[in-house]
Amino acid sequence: MREDGARGSWRKRLERYSGRDWYHALAEHAGGEFPPGAADPPRALSRRDFVRLLGASAALAGLGACVREPDRKIFPYVDAPPEVVPGEPLHYATAMTLDGFATGLVVESNAGRPTKVEGNPDHPASLGAAGIHEQASVLQLYDPHRARVVRGGGRRSSWGAVAAAFAPAALARRVGVRGGGLRLLLAPTASPLVGTLLGRVLARYPDARVTFYAPMVSAAPNAAARAVLGAALVPQYDFRAADVVVTLDADVLASGPFNLRWARDHAERRRARPAGSLYVAEPTPSPTGTVADHRIAATPAGIGALAAALLRAVQSDARFAARVGTGPLGEPPLSQGERAWASAAAADLAGHAGRSIVAAGAGQPAEVHAIVHALNAALGNIGSTVWYTPSALLDAGDRERDLAALAAELRGGAVNTLVVLEGNPCYGAPADLALARGVRAVPNSLYLGAYADETARACTWHVPAAHYLESWGDARAYDGTASLVQPLIAPLHGGRTVAELLAVLAGEGTTSAHDLLREAWRASHGDGADADAAWSEALRRGVIAGTTLPRVTPAVRWDAVGRAHHALLERSTRPAGGLEIAFVASHAVHDGQFADNAWLQELPDPVTKLTWDNAALMAPALAARLGVASGDVVALRLGARTLDAPALVVPGQADGGITLAMGYGRTGAEAAARGVGVDANALRTWDAPYAATGLTIARTGRRHALAITQAHWSIEGRGESVLGQRVVRPESGGAEAPPVAPARKRRPLTLYEPPAPPAEGFGADQWAMVIDLDVCTGCSACVVACQAENNVPVVGKEGVLESREMHWLRIDRYIDGPADAPRFETQPMLCQHCEKAPCEYVCPVGATVHSDDGLNEMIYNRCVGTRFCSNNCPYKVRRFNWFDYNAELAETERMVKNPQVTVRARGVMEKCTFCVQRVRRAQMAAQLAGEPRTGPVMTACQQTCPTRAIVFGSLTDPASEVARAVGDPRAFSALGELGTVPRVRYLARARNASVAAPGDSRRPTEGDDGGE
């Protein structure tokens, strides 16, 4: 989105009308094409004049409800590729990496334009699902703010000039024959090709040094594994086999390298054995915490104390005492609530030994990870629900080559040439390293990056980086499974890959990434017909068979565990000074690499519902003590560093500490990211990159507007008629128990009955959707998928502040219970496609109508923007297009639009259509094939959902999953008592009664089925 685009230009145009009468506004809007003599408003408007004006402005009803699109040239194919059929998209398998690990994807291409990303069902990291970053990555491909030209010394240059300047002959003169003055700084990667090329570079320059860094890739997990397990091993989890899961500041269901897989496995386990329990301890509510059966808010230091308490409790159990070879363990100081949580979790773990999992977040210190390894070993989980593999990352966690050592070399003048390959370390490095200053001091520096960002400004050379959808390469998933990365489009701006830069340094010239990858393939698979067939199969499936890393069964070094426990105990008993602060990845923009992605900037946070900003999250009790309210700007002081940030009060936040998301406060060339939020890296230090103590907070007296969507179009306060009756499963001591189902009410009274659907033809299918709230994490992947599929526009922070966000699908978040220990509920809310839709009765032009197959349809050509339908919708799921948000998009931004869906102009209502374009395509395919029934149809939200919480299909097909789900005892309709008879049903949330929140007043009573 351009800075002067939809976020500002329409507002300025509207302001020109303010203070003037409607007549002048209409005359200007019409371009002066009124009848002669009508340039000025008449003093007395006669009936004849009124009719004349009405005839001239008939197309301008509602000040632009129908707008004539500008003419655009079209260019036909002269020689169309044989695989391209007009109107038929193609799909290609590829992979996207984040923090070094790959997620397998299948990308849709329309006439050579990648337009939609889906998960690859064959890839172990996705299993057909895709998260918010994968879904939104296609928008970043077309970002008009991407770097477009090579620059050297502040002037425009060329790829050939770069290749000449960094060829071995020229490079050796600067760094020496052995490369003593050469340093390479890379984003973490598990690419086999990059590993091979790095080996060739180091073979040519043996004294060169390589450093890997990304803000959210911590060295602590590998340090703990080396100390406790003897090698840099990473834990793998099987949540399908775990009856009890305990996470310590680990958002395993919505973030991390394998979160899509783990969310799917956890949901399958919950469906098969619903009596299991999920215990979560975390400083800030996360998607994993909101679905927990038993959650506690704890500061970062409190997490360590809870880990120590869990290990001590397991050692105290006679069944496991002999397995914990640490000697007597001390008891950490815990509050009453923390002690109760730790006791309950330890008892549940002990009761499910061998069928449980304990996991820690990457941001936790090495001592916590050491305790987690010990707990899984003592409980007998290793080999059952937990196993280990070697780390797939290259040189992961090597302390001799960390960023602090490199920064010291830069400051000391020991580096002549620095090559930075992707990432943005000058922004993402902790402030105390002063990395940008050190990079500027290097005589020769090169940066391969997608944007002219903070690192590009510090380097003498900048080469545009290719997007992964423009690149050839390879990558590994968290479990080691390798994939080929293939492009769907030629580089839009001449971007290059890491492999191509390394090939130049290795003396292999300007070899293309494709040729480098083919050479590596021939080296590992041979040369011949079989190798070519394997290559084609790997490209088709997106997975290279047999590449998963082998399982390792390590022996635990209990002396190292004892030292870790002692360190945590000492840390928890040390006198606290000031507050604690936790630095976390933004759910939307991660560490800042997605900061220029408008889809993600406008995506509400799953818990806070904050958009276009970050804030200092604090507990209600802390806010009350400080006299601070949401939106107040506070000064955060940590040591000698100060940062002003707006406060946001969040129930469930740990008292005694705040949380600040990283990835904001950008100063590079990314226009959408510039000026959004504050830079958390200004407070971070290398010794405490993810949590620190000694924070003080002072009020500044200023206010900052926070664009929070929680109160927009809210239907909160209607209680169980919105969320349905919670199902509480009785305490069973581990045995399975049937759910306590609410009783059903009779069908609401009605003045007329809808006609029965025909046995065949267009109306034979009756489409419906069921959403299982028991497994929905509120991760918002469905929201971004809907936006990408249906060309939903972005309105900017100003639009969100005025409740004008355009999302067709929103995730409602509900909180009840005490502020320090609240209970969270999430509920996707979209057009309910009511059989008796209130919106249809009030539309004066018949723009919203009911189809024969049960869809509530929007006919944009009829809509004149009265908004009567929105006023009459009890669910508040219709959006009015106040401005033409697509009018001033850059040419590349237009390329992301789905050609199967209308791009709406201003002045019309928009809403969920059940992805009608997919429904109609499936119906036509069935008719052409002579099939008696339409085949399976997947909506965009259903297809991307990691937990498969969304089911869509025809109610008239008795074999369909949606028909079975509607008959589930937990099924209900939101606001069903209104008699709207929605086609969207929900399955009520189920909780384990043994860990139900105290004081829960919502018990099984007579429920409502919304018209069954």
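Residues numbered from 1 in each chain as written. Predicted model: local features only at pLDDT ≥ 70, side-chain atom pairs only at ≥ 80, totals over all residues. Heavy atoms only, no water.

K.L.:
Teacher, can you tell me more about the overall build of the protein chain here?
P.N.:
A count of helical and extended segments in the protein chain gives 33 helices and 38 strands. Across the 1012 residues in the protein chain, those meeting the buried criterion constitute 59%. In the protein chain, the share of contacts with a sequence separation of at least 24, taken over all contacts with a separation of at least 6, comes to 75%. Element-wise, carbon and sulfur atoms account for 54% of the exposed surface of the protein chain, whose accessible area totals about 39,300 Å². (Helix = DSSP H or I, 4+ residues; strand = E, 2+ residues; numbered from the N terminus. Buried < 20%, exposed > 50% of the residue type's maximum accessible area, 1.4 Å probe, protein only. Contact = heavy atoms within 4.5 Å. Areas by Shrake-Rupley, 256 points an atom, 1.4 Å probe, with all protein chains shown as cover.)

K.L.:
Any chance you could explain the environment of Leu253 here in plain terms?
P.N.:
Inspection of the secondary structure assignment puts Leu253 in the loop between strand E9 (244-248) and helix H10 (259-272). On the basis of relative accessible area, Leu253 is assigned to the buried category, the value being 5%. The spacing of Leu253 and Pro287 is 34 residues in sequence and 7.0 Å in space, taken between C-alpha atoms. Sequence-distant contacts of Leu253, that is, excluding residues within four places in its chain, are made with Asn259, Trp262, Ala263, His266, Thr288, Val291 and Thr777.

K.L.:
Looking at this structure, how should I read the environment of Gly799?
P.N.:
Inspection of the secondary structure assignment puts Gly799 in helix H27 (residues 796-801). The sequence separation of Gly799 and Phe883 amounts to 84 residues, and the corresponding C-alpha distance is 10.0 Å.

K.L.:
Would you take a moment to explain the sheet that holds strand E35 (residues 950-954) for this structure?
P.N.:
Paired through backbone hydrogen bonds, the strands of a sheet run either parallel or antiparallel to each other. Taken in spatial order, the four strands make up an open sheet running E35-E28-E37-E36, and their pairing is mixed. The open sheet has two free edges, formed respectively by E35 and strand E36 (971-972), since each of these has just one partner strand. For strand E28 (residues 767-772) and E35, the ladder comprises five bridges, and the chain directions are antiparallel. When the bridges of E35 are listed, Ile771 appears paired with Ile950. (Pairing = 2+ DSSP bridges.)

K.L.:
Can you help me understand the pattern of salt bridges in this one?
P.N.:
Applying the stated criterion to the full structure yields 46 salt bridges. Asp243 is the partner of Arg355 in a salt bridge, and the nearest nitrogen-oxygen pair spans 2.7 Å. In this pair, Arg355 is assigned in the loop between helix H13 (336-351) and strand E12 (356-360) and Asp243 in the loop between strand E8 (233-237) and E9, connecting sequence segments 112 residues apart. You can call Arg355 partly exposed: its relative accessible area is 37%. Judged by its relative accessible area of 11%, Asp243 falls in the buried class. Put simply, Arg894 and Glu891 hold a salt bridge, and the shortest N to O gap is 3.8 Å. With a gap of three residues between them, Arg894 and Glu891 both fall in helix H30 (residues 891-894), about one helical turn apart. Judged by relative accessible area, Arg894 falls into the partly exposed class, the value being 24%. For Glu891, a relative accessible area of 60% gives the class exposed. (Salt bridge = Lys/Arg side-chain N within 4 Å of Asp/Glu carboxyl O.)

K.L.:
Just checking my understanding: could you explain the pairing of E8 for this structure?
P.N.:
Along a regular strand, successive side chains alternate from one face of the sheet to the other. Most of E8 is tucked away, with five of its five residues classed as buried. Along E8, one buried face is formed by Leu233, Pro235 and Tyr237 and the opposite face, lined by Val234 and Gln236, is buried too. Bridge count for E8 against strand E13 (residues 386-390) is five bridges, and the pairing is antiparallel. Bridge pairing in E13 places Pro235 opposite Tyr388.

K.L.:
Explain the packing of aromatic side chains here, please?
P.N.:
Aromatic ring pairs: the centre-centre distance and the angle between the two ring planes describe each pair. Counted by the stated rule, this structure contains 17 aromatic pairs. Consider the rings of Phe166 and Trp461, whose centres lie 6.2 Å apart with planes at 80°: the pair is edge-to-face. Residue Phe166 is located in the loop between helix H6 (159-165) and helix H7 (168-175), and its partner Trp461 is located in strand E16 (residues 461-464); the two are separated by 295 residues in the primary sequence. Within the aromatic cluster, the residues linked to one another by ring pairs are Phe101, Tyr237, Phe239, Phe258, Trp262 and Tyr478. A cation over an aromatic ring shows up here: Arg174 above the ring of Phe166, its NZ or CZ 5.3 Å from the ring centre. Sitting over the face of the ring of Trp387, Arg551 holds its NZ or CZ atom 3.8 Å from the ring centroid. (Phe/Tyr/Trp six-rings, centres within 6.5 Å; stacked < 30°, edge-to-face > 60°. Lys NZ or Arg CZ within 6 Å of the ring centre and 35° of its normal.)

K.L.:
What is the right way to look at the nonpolar core in this model?
P.N.:
Buried together is how nonpolar side chains tend to be arranged in soluble globular proteins. Membership of the largest hydrophobic core comes to 86 residues, with the highest contact counts inside it found for Trp599, Met769, Leu830 and Tyr986. The element contributing the most residues to this core is helix H26 (residues 781-789), with six residues. In contact with Met769, not counting residues within four places along its chain, are Leu830, Phe914, Thr939, Cys941, Ile950, Val951, Phe952, Val962, Arg983, Val984 and Arg985. Formed by 73 residues, the second largest nonpolar core is a distinct cluster that contains Trp262, Ala307, Ala350 and Val368. (Core = buried A, V, L, I, M, F, W, Y, C linked by side-chain atoms within 4.5 Å.)

K.L.:
Before we go on, may I ask you to explain the sheet that holds strand E15 (residues 444-449) in this structure?
P.N.:
Taking strand neighbours across the sheet as the criterion, the seven strands line up as E5-E4-E16-E15-E14-E6-E7 in an open arrangement whose pairing is mixed. The sheet is open, and its two borders are formed by strand E5 (155-156) and strand E7 (209-212), each paired with just one other strand. With five bridges connecting them, strand E6 (residues 182-186) and strand E14 (residues 417-421) associate as parallel partners. Paired with Leu185 across the bridge in E14 is Val420. Of the strands in this sheet, E6, E7 and E14 touch helix H15 (residues 403-412), which is tilted by about 140° from E6. (Axes fitted to C-alpha atoms, helices over the stretch in contact; angles between N-to-C directions.)

K.L.:
Can you walk me through the side chain of Gln486 in this structure?
P.N.:
In this fold, Gln486 is placed in the loop between strand E18 (482-485) and helix H19 (498-505). Residue Gln486 is classed as buried on the basis of its relative accessible area of 9%. Ignoring any residue separated from it by four or fewer positions in sequence, one finds Gln486 in contact with Tyr92, Ala93, Thr94, Tyr468, Ser471, Trp472 and Leu539.

K.L.:
Help me out: how do you make sense of the environment of Ser803 in this one?
P.N.:
Position of Ser803 among the secondary structure elements: in the loop between H27 and strand E29 (810-816). Between the C-alpha atom of Ser803 and that of Ala707, which follows or precedes it by 96 residues, the distance is 8.8 Å. Discounting chain neighbours no more than four positions away, the residues touching Ser803 are His712 and Trp713. Separated by 3.4 Å, the side chains of Ser803 and His712 make a polar contact. (Polar contact = N/O pair within 3.5 Å; in protein donor to acceptor, adjacent residues only side chain to side chain.)

K.L.:
Could you clarify how one ought to interpret the side chain of Thr939 in this entry?
P.N.:
Residue position: Thr939 is located in the loop between helix H31 (916-929) and helix H32 (940-944). Ignoring anything within four residues of it in the chain, the contact list for Thr939 reads Met769, Phe914, Cys915, Arg918 and Phe952.

K.L.:
How do you make sense of unusual backbone geometry when you look at a structure like this?
P.N.:
With glycine set apart, most residues show a phi of negative sign, and most peptide bonds adopt trans. A positive phi is found at Arg948, a non-glycine position, where the angle reads about 55°. Overall, Arg948 belongs to the partly exposed group, its relative accessible area being 46%. One non-glycine residue with positive phi stands out, namely Leu975, at about 55°. Mapped onto the fold, Leu975 is located in the loop between E36 and strand E37 (984-987).

K.L.:
Which parts of the structure should I look at to understand H31?
P.N.:
Since there are 3.6 residues in each turn of an α-helix, residues three or four apart along the chain are aligned in direction. With 14 residues, H31 should cover 20 Å at 1.5 Å per step; its first-to-last C-alpha distance of 20 Å lies within 8% of that length. Taken together, the buried positions of H31 are Gln917, Arg918, Val919, Arg920, Ala922, Gln923 and Ala926. Those residues of H31 hidden inside the fold are in contact with strand E3 (113-119), E28, H26, strand E32 (856-858), H32 and E35. Just past H31, the residue Gly930 takes up positive phi, approximately 75°. (Expected span 1.5 Å × (residues − 1).)

K.L.:
Help me out: how do you make sense of the packing of helix H8 (residues 192-204) against helix H20 (residues 513-525) in this one?
P.N.:
Each pair of packed helices gets described by two things: the angle between the helix axes and the distance between those axes. Where H8 meets H20, the closest approach of the two axes is 10 Å, and the angle between their N-to-C directions is 90°. Classified by the angle between their axes, H8 and H20 sit roughly perpendicular to one another. Along the contact surface, H8 presents Leu193, Leu197 and Arg200, while H20 presents Leu516, Leu517, Glu519 and Ala520. Taken together, the residues of the contact of H8 with H20 break down into five nonpolar, no polar and two charged. (Parallel < 35°, antiparallel > 145°, perpendicular 65-115°, else oblique. Nonpolar A, V, L, I, M, F, W, Y, C, P; charged D, E, K, R; others polar.)

K.L.:
How should the pairing of strand E30 (residues 823-829) be read in this particular structure?
P.N.:
Burial runs high along E30: seven of the seven residues are buried. Here E30 shows a buried face lined by Arg823, Glu825, Gln827 and Met829 and a second buried face lined by Phe824, Thr826 and Pro828. Relative to E30, E29 runs antiparallel, the two being bridged by seven bridges. Among the inter-strand pairings, Asp816 is bridged to a residue of E30, identified as Arg823. If you look at the hairpin formed by E29 and E30, you'll find six residues sitting between the two strands, and Gly817 has a positive phi there, around 95°.

Geometric values such as these leave the question of function open.
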